[in-house]
Amino acid sequence: MGEFDVHYGAIGSGVREGTLVKVIGTSTCDCGCRFRGKTGARHSRHLRHRERRDLARFLRHRGGQSAVGDIFKWWVEVICQGNDALHGKLTKEAEKQKPGQSGLLALDWNNGNRTILVNPMLSGLLLGQTLHTSQTDVYRALIEATAFGARAIIERIKEYGVPIERVICAGGIAEKKSDAHANLRRRYRLHHAGRRFEPGLRARLRHRCRRSRRCA
C-alpha cells in the first residue's frame, strides 16, 4: 500500500483526535485528524492498528511550513560561513534571550508559505533592526519566526473545529527540543517523539509490504 512518509510518521508517533503530530525537519508537516462519528465519543477514538484499515472513519488534516531547518541551514552555511564554533557561540547566546527581547520581528516565509497563504512566491522578512542589532538577535528572531509560524497553523486548524490538546514533535529539529517552540505553544501539552514509534508498527508495516509483493 502506498502512503506519504509523513502520514506513516504521524501514525507511528501516536496521532489521534486531539493530538497534532509535527514532523520538523528542513520544512514541517503537521498532521491531525477528526473522527466522523458522534462528538461525544471523539476523545475515546484512536487510530489503532485495527482501525487503520478504515481511515475513511477519520477526516485527516495536514498543514506545514515551507522552511524551518532550511532557514537554519542557510544561517550556518551563509551567515556563519560554516564556522561551527561561531554557530555554537550564537546558539548559547540566543538561548539566554527572552522572547522578543531584541525587538526584532521575522517571518518564516523564506521558501514561500505552505499554510495558511499557500503561496510559494513569498519571501522572508526582518523588521525592527537598529544599529544595536547583533547576530544573536537575528538568530533568535529567526527561531521565534518558525515558532510563531507553527502556532499560526495550529490556531487555523482549531478555527475549523479540529480539537488540539497536545502536540507531538518528531523529526531532526524536534530532537533538539526547542525551548522557543515550547514557550510559544505552552497552552498545549508538548511531547517529543524522537525515534520511538508505537509498539509493533514497524513489524506490521514490513508484514504488509511482504504481502503486497506476493500479491503483485
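Heads up: the structure comes first, above all this text.
Rules behind the numbers
Residues numbered from 1 in each chain as written. Predicted model: local features only at pLDDT ≥ 70, side-chain atom pairs only at ≥ 80, totals over all residues. Heavy atoms only, no water. Helix = DSSP H or I, 4+ residues; strand = E, 2+ residues; numbered from the N terminus. Buried < 20%, exposed > 50% of the residue type's maximum accessible area, 1.4 Å probe, protein only. Contact = heavy atoms within 4.5 Å. Areas by Shrake-Rupley, 256 points an atom, 1.4 Å probe, with all protein chains shown as cover. Arc of directions from axis to C-beta. Expected span 1.5 Å × (residues − 1). Polar contact = N/O pair within 3.5 Å; in protein donor to acceptor, adjacent residues only side chain to side chain. Pairing = 2+ DSSP bridges. Patch = residues over 30% accessible without salt bridge, like charges linked within 9 Å, V, L, I, M, F, W, Y side chains within 5 Å. Salt bridge = Lys/Arg side-chain N within 4 Å of Asp/Glu carboxyl O. Phe/Tyr/Trp six-rings, centres within 6.5 Å; stacked < 30°, edge-to-face > 60°. Lys, Arg positive; Asp, Glu negative; His and termini not counted. Core = buried A, V, L, I, M, F, W, Y, C linked by side-chain atoms within 4.5 Å.

### Observations regarding the overall build of the chain
A count of helices and strands for the chain gives 6 helices and 7 strands. Relative to its 216 residues, the chain shows a buried fraction of 40%. For the chain, contacts bridging at least 24 residues in sequence account for 69% of all contacts bridging at least 6. Split by element, the accessible area of the chain, about 12900 Å² in all, is 52% carbon and sulfur.

### Focus on helix H2 (residues 69-79)
Among the residues of H2, Gly69, Ile71, Phe72, Trp75 and Val76 are the ones counted as buried. The buried residues of H2 occupy one face: seen down the axis, they fall within an arc of 165 degrees. Looking at the residues trailing H2, positive phi occurs at Gln81, about 50 degrees.

### Focus on helix H3 (residues 84-96)
Between its terminal C-alpha atoms H3 stretches 19 Å, which fits the 18 Å expected from 13 residues at 1.5 Å a residue. With a side-chain oxygen lying 3.0 Å from the backbone nitrogen of Ala85, the N-terminal cap of H3 falls on Asn83.

### A look at the environment of Ser13
Residue position: Ser13 is located in helix H1 (residues 5-13). As a C-alpha pair, Ser13 and Val23 span 10 residues in sequence and 9.5 Å in three-dimensional space.

### With respect to the pairing of strand E6 (residues 164-170)
As a general feature of sheets, a regular strand has side chains that alternate between the two faces. Burial analysis of E6 places 6 of its 7 residues in the buried class, the great majority of the element. The sheet contact formed by strand E1 (residues 18-24) and E6 spans 6 bridges and is parallel. For Gly18, the partnering residue across the bridge sits in E6 and is Ile164.

### Description of a nonpolar patch on the surface
There is a patch of nonpolar side chains on the surface, built from Trp74, Val78 and Ile79 and spanning about 250 Å² of accessible area. Note that Trp74 resides in helix H2. Classification of Trp74 as partly exposed rests on a relative accessible area of 38%.

### Observations concerning the packing of aromatic side chains
Across all of its chains, the model carries 3 aromatic pairs by this definition. With a centroid separation of 6.3 Å and an interplanar angle of 80 degrees, the aromatic rings of Phe72 and Tyr139 are classed as edge-to-face. In this pair, Phe72 sits in helix H2 while Tyr139 sits in helix H4 (residues 135-159), placing the two residues 67 residues apart along the sequence. Each member of the aromatic cluster is reached from another via a ring pair, and the members are Phe72, Trp74, Trp75 and Tyr139.

### Quick look at the side chain of Asp137
Inspection of the secondary structure puts Asp137 in helix H4. Comment: no salt bridge for buried Asp137; closest opposite-charge side chain is Arg140, at 8.7 Å. A polar contact of 2.7 Å, which involves the side chain of Asp137, links it to the side chain of Gln97. If near-sequence neighbours (up to four positions away) are discounted, Asp137 is found in contact with Gln97, Ser102, Leu104 and His132.

### A look at the environment of Leu107
Tracing the backbone shows Leu107 in strand E4 (residues 105-107). Assessed through its relative accessible area of 29%, Leu107 is described here as partly exposed. Each C-alpha atom, one on Leu107 and one on Thr146, is 7.6 Å from the other, the two residues being 39 residues apart in sequence.

### Overview of the pattern of salt bridges
Once the charged atoms of two side chains with opposite charge are near each other, the side chains can pair. Taken as a whole and judged by the stated rule, the model has 5 salt bridges. Among the salt bridges present, the one from Lys73 reaches Glu77, with a minimum N-O distance of 3.1 Å. With Lys73 and Glu77 both in helix H2 and 4 residues apart, the pair spans about one turn of that helix. Assessed through its relative accessible area of 45%, Lys73 is described here as partly exposed.

### Details of the nonpolar core
Core analysis: the largest hydrophobic core is formed by 25 residues, its most contacted members being Phe72, Trp75, Tyr139, Leu142, Ile157 and Ile164. The set of elements that each furnish at least two residues to this core consists of E1, H2, H3, H4 and E6. With 9 residues, the top contributor of residues to this core is H4. Of all hydrophobic cores here, the second largest spans 11 residues; its members include Val6, Ala10, Cys31 and Ile168.

So far we have only geometry, and geometry alone does not tell us how the molecule works.
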